[in-house]
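Coordinate analysis (summary)
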Amino acid sequence: AIVGILSSAATTPAVRSTTTLTLLLTALAGPRTAALSLSLPGGRWFRERGAVEQTRVAVLGGGFAGLTAARTLVASHPGVEVLLCDQREFFEYTPGILRAWVEPSVHPRLVNPIRRLLRGRRASFRRVPPGCAVAVEESTVEAALPATSDEPTRPLRFTIGRGAESPLVDYPCDYVVLAPGGDLSPITDDREADGTIVGRRARLKRQVEAVLSNASSALVVGGGLTGVELAAELAEKLGPGAVTLAVGPTLPRRGSYPGDPGAGLLPGFRDTCNQPLRNLGRGGVERYARTWLARAGVSILKSWAVPPPADSTLGAKAALPGARPPA
């Protein structure tokens, strides 16, 4: 997921220091899976500011990072009010969607309404339709509320809208967490739907029927985590010998990170090859996956499904012993 934090200097007269919201995002071994750790400043800033007002945080995105950020702030910081915005009204466990493509009946176990997951008087959720623009502006003196207003001036203004129309969301706040994430399009892309669980499930059903209803074989291009998982699911659906996984050649200077093309099956996991992992055995993740796929009848193609240009870092010259990528 893609996460960003925007903050501004505290405007409370008693405190003139810049405040910080710290977020640590660590990718795990699944697509769009993340571990999130949030911390807010404590001590004097919260004691003095919290006595007057709630700290407001706007969160854009209801996926792993955005929802975790919102839930953590509400649960761990009594002085924080959170507004979460997303184009869908539900959270979907994305890694399980590949399973739903071959067994749609599991989809109800993969989704949950955001309002059910984000509860409390200090938490609110707004669904916004696709096609809207998000703006984060620093508050100015001209934009400040009248002196007679009891509402304190916030350092940021978070808005969502379409063109010159009135904003659908207009939220003065102290922090903005940007967590729009990503999509495994078209597998998880439901921007054509109405944002409801019912609409999502109907579109998923149409997608599965259009792709798999008459399929007797499948070619999966890419030997990363998603490609291996999808090939395994399709093998169970279509049977042995019906699925080919094109992983490309293994180039000696590639595979330094997960998803690095030109490193064969499961690139980026070579460091597990010499580890005697109890659940994997000798040979690491790559050998385990290769053995499992072979038993399931998946053919692994070690050549390019779409050959790269010869003069590229993945081309014919790069495969030569001692070849170095261009500076």
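Quick summary incoming for the structure in this document.

About the thresholds
Residues numbered from 1 in each chain as written. Predicted model: local features only at pLDDT ≥ 70, side-chain atom pairs only at ≥ 80, totals over all residues. Heavy atoms only, no water. Phe/Tyr/Trp six-rings, centres within 6.5 Å; stacked < 30°, edge-to-face > 60°. Helix = DSSP H or I, 4+ residues; strand = E, 2+ residues; numbered from the N terminus. Buried < 20%, exposed > 50% of the residue type's maximum accessible area, 1.4 Å probe, protein only. Pairing = 2+ DSSP bridges. Axes fitted to C-alpha atoms, helices over the stretch in contact; angles between N-to-C directions.

Remarks on the packing of aromatic side chains
The description of an aromatic ring pair rests on the distance of the ring centres and on the angle between the ring planes. For the structure on display, the rule yields two aromatic pairs. Ring geometry for Phe64 and Tyr93: centres 5.9 Å apart, planes at 75°, overall edge-to-face. Placement of the pair is Phe64 in helix 2 (residues 64-76) and Tyr93 in the loop between strand 6 (90-92) and helix 3 (97-102), with a sequence separation of 29 residues. Classification of Tyr93 by relative accessible area gives partly exposed; the value is 39%. Cluster of aromatic residues (ring-pair linked, three or more members): Phe64, Phe91 and Tyr93.

Thoughts on the environment of Gly61
Among the secondary structure elements, Gly61 is positioned in the loop between strand 4 (55-60) and helix 2. Accessibility expressed as a relative area gives 6% for Gly61, which makes it buried. Through-space distance from the C-alpha of Gly61 to that of Ala179 is 5.0 Å; in sequence the pair is 118 residues apart.

Remarks on the sheet that holds strand 9 (residues 133-138)
If you walk across this open sheet you meet the three strands as 9-10-11, and the pairing is antiparallel. Of all strands in the sheet, those bounded by a partner on one side alone are strand 9 and strand 11 (169-173). Each neighbouring strand pair of the sheet contributes to a mean axis angle of 15°, computed without reference to strand direction. Pairing analysis gives six bridges linking strand 9 to strand 10 (residues 156-161), with the strands arranged antiparallel. By the bridge assignment, Glu137 is partnered in strand 10 with Arg157.

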